[in-house]
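Spelled out from the first residue to the last, the chains are:
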Amino acid sequence: MVKLLVSIKEPGEILDAVDGGADIIDVKNTERGSLGLPSLGVAREVALKIGKLKEKSAPLGDVDHYDEYLAYTAYVLSELDYDYVKVGIKTNSREEAIRIGHEVVNAVSHNVKVVLVGYADFQKFNTLSPFDVIDIANYVGADGVMIDTLGKGGYSTFDILTHQYLSDFVSKAKQYGLFTALAGGLRIEHISMAVHLGFDVIGVRTAACQGGRNGRVRRDLVMELKRKILQVEKSNLGSY
């Protein structure tokens, strides 16, 4: 089953995301970049309100260098019972990326899944490619890899990367036993392609919001996205 991840920016959006059918509630600060680290107060309140009702995810930020704070932050999120901790690999140094990955993997408890994020617009921002991130995730013992966009200028991952690139990304990650997630300006018309490509998780914010990325999550928009995923999955089963 393909999981729908919906990013929220404050606890008031939880109910719409949950009632709309999101499988993973991701909390981030949209003013701090693509993978903006939420404040401790927001992260704690979201964790307490959701409990075990849904899986929870939080990012550590778009990280361009090793810093000991990563371990502290990853550990705190782990102690708050988050299921996934994501870290954006915003560097073009494999050595630095490995240090970042090790720092996070070694800090979380065994039941927390670490996701390393590569950027679709890596050439524009001179970061490691998503394929490089797969290698690093495998090397440091992370659980999954994600493609997102570092820039939030109205373009999507599908505007930058070809279907063949994305298909090869999924294939390579799964050879290493990593789960795969796709995000980055995705709209409802991208859902079918993402499912067919074999991604395990589809992440959205703008598509689930009224008023764009900095707007507010709306239940009916989340429901529409979830319904589309289920329709495509059902269609796929019917084709066998």
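Above this text is the structure in question.
Predicted model, so just to flag it, every value in this text is computed and none were measured.

Examining the overall build of the chain
Point 1. Secondary structure assignment for the chain yields ten helices and ten strands.
Point 2. For the chain, whose C-alpha radius of gyration is 16 Å, the value lies close to the compact-globule estimate of 18 Å for 240 residues.
Point 3. For the chain, the share of sequence-separated contacts (at least 6 apart) that also reach a separation of at least 24 residues comes to 71%.
Point 4. Accessible surface for the chain amounts to roughly 10400 Å². Of this, 50% is attributable to carbon and sulfur atoms.
Point 5. Positive and negative charge centroids in the chain, built from 28 and 31 side chains respectively, lie 5 Å apart.

Structural notes on helix α2 (residues 40–50)
Point 1. Burial in α2 covers these residues: A43, V46, A47 and I50. Along the axis of α2, the buried residues cluster in a sector spanning 100°; they form a single face. Set apart from the buried face of α2 by more than 90 degrees, the exposed residues are L48 and K49.
Point 2. Buried residues along α2 sit against β1 (3–8), α1 (14–20), β2 (24–27), β3 (55–63) and α3 (69–79).
Point 3. Downstream of α2 by a residue or two, G51 has a phi angle that is positive, lying close to 55°.

What about the packing of helix α4 (residues 94–107) against helix α6 (residues 130–140)?
Point 1. The interhelical angle for the contact between α4 and α6, taken along N-to-C directions, is 45°, at an axis separation of 9 Å. As far as their axial angle goes, α6 and α4 are oblique. Both α4 and α6 take part in a crossing whose hand is right-handed. On α6, the residues that touch R94, A97, I98, G101, H102 and V105 of α4 are D132, D135, I136, Y139 and V140.
Point 2. Its residues assigned to classes, the contact of α4 with α6 comprises six nonpolar, two polar and three charged.

Concerning the pairing of β2
Moving residue by residue along a regular strand, the side chains alternate between the two faces of the sheet.
Point 1. Going residue by residue along β2, you find I24 and D26 tucked away on one face and I25 and V27 tucked away on the opposite face as well.
Point 2. With four bridges connecting them, β1 and β2 associate as parallel partners. Directly across from V6, in β2, lies its bridge partner I25.
Point 3. Handedness of the crossover joining β1 and β2 through α1 is recorded here as right-handed.
Point 4. What joins β2 to β3 is α2, and the crossover it makes is right-handed.

Describing the sheet that holds strand β4 (residues 84–89)
Point 1. Reading around the circumference, β1-β2-β3-β4-β5-β6-β7-β8 is the order of the eight strands in this closed barrel, with parallel pairing throughout. Geometrically, the sheet is characterised by an average inter-axis angle of 25° between neighbouring strands, direction not taken into account.
Point 2. Looking at chain direction, strand β7 (residues 179–182) and strand β8 (residues 201–204) are connected through two bridges and run parallel. Bridging across to β8, L182 finds its partner in I202.
Point 3. The strands touched by α3 within the sheet are β3 and β4, with β3 carrying the most contacts at an inclination of about 170°.
Point 4. Sitting on the sheet, helix α8 (residues 163–175) is in contact with β6 (144–148) and β7, with an inclination near 150° to β7.

Thresholds, definitions, all that
Sequence order as written defines residue numbering, which begins from 1 separately in each chain. Restriction of local features to residues with pLDDT of at least 70 applies here, the model being predicted, together with a cutoff of 80 or more for giving and counting side-chain atom pairs; totals for whole chains, interfaces and linings are based on all residues. For the side-chain quantities, the full set of heavy atoms in the structure was used; hydrogens and water were omitted. In DSSP terms, a helix is any run of H or I states spanning at least four residues, a strand is any run of E spanning at least two, and both are numbered starting from the N terminus. Note on method: radius of gyration uses C-alpha positions; expected globular size equals 2.2 Å times residues raised to 0.38. Residues count as neighbours in contact if any of their non-hydrogen atoms are within 4.5 Å of one another. To be clear on the numbers: accessible area is Shrake-Rupley with a 1.4 Å probe, and residue cover counts the displayed protein chains and nothing else. When charges are counted, neither His nor the chain ends are considered; positive counts come from Lys and Arg and negative counts from Asp and Glu. Note that the charge is assigned to NZ on lysines, CZ on arginines, CG on aspartates and CD on glutamates. Burial status follows relative accessibility: with a 1.4 Å probe on protein chains alone, a residue under 20% of its type maximum counts as buried, one over 50% as exposed, and anything between as partly exposed. Of all possible arcs, the one meant is that of the directions from the helix axis to the C-beta atoms. The axes used here are C-alpha line fits, helices contributing only the stretch in contact, and every angle between their N-to-C directions lies in the interval 0 to 180 degrees. The scheme is simple: roughly parallel for angles under 35 degrees, roughly antiparallel for over 145, roughly perpendicular for 65 to 115, oblique for anything else. Each crossing is labelled by how the near helix is turned from the far one, with a counterclockwise turn of less than a right angle marking it left-handed and a clockwise turn marking it right-handed. Three residue categories are used. Nonpolar comprises Ala, Val, Leu, Ile, Met, Phe, Trp, Tyr, Cys and Pro, charged comprises Asp, Glu, Lys and Arg, and polar comprises the others, including Gly. DSSP calls a pair of strands paired once it identifies at least 2 bridges connecting them. When the strands point away from the viewer, a crossover counts as right-handed if the path from the first strand over the helix to the second runs clockwise.

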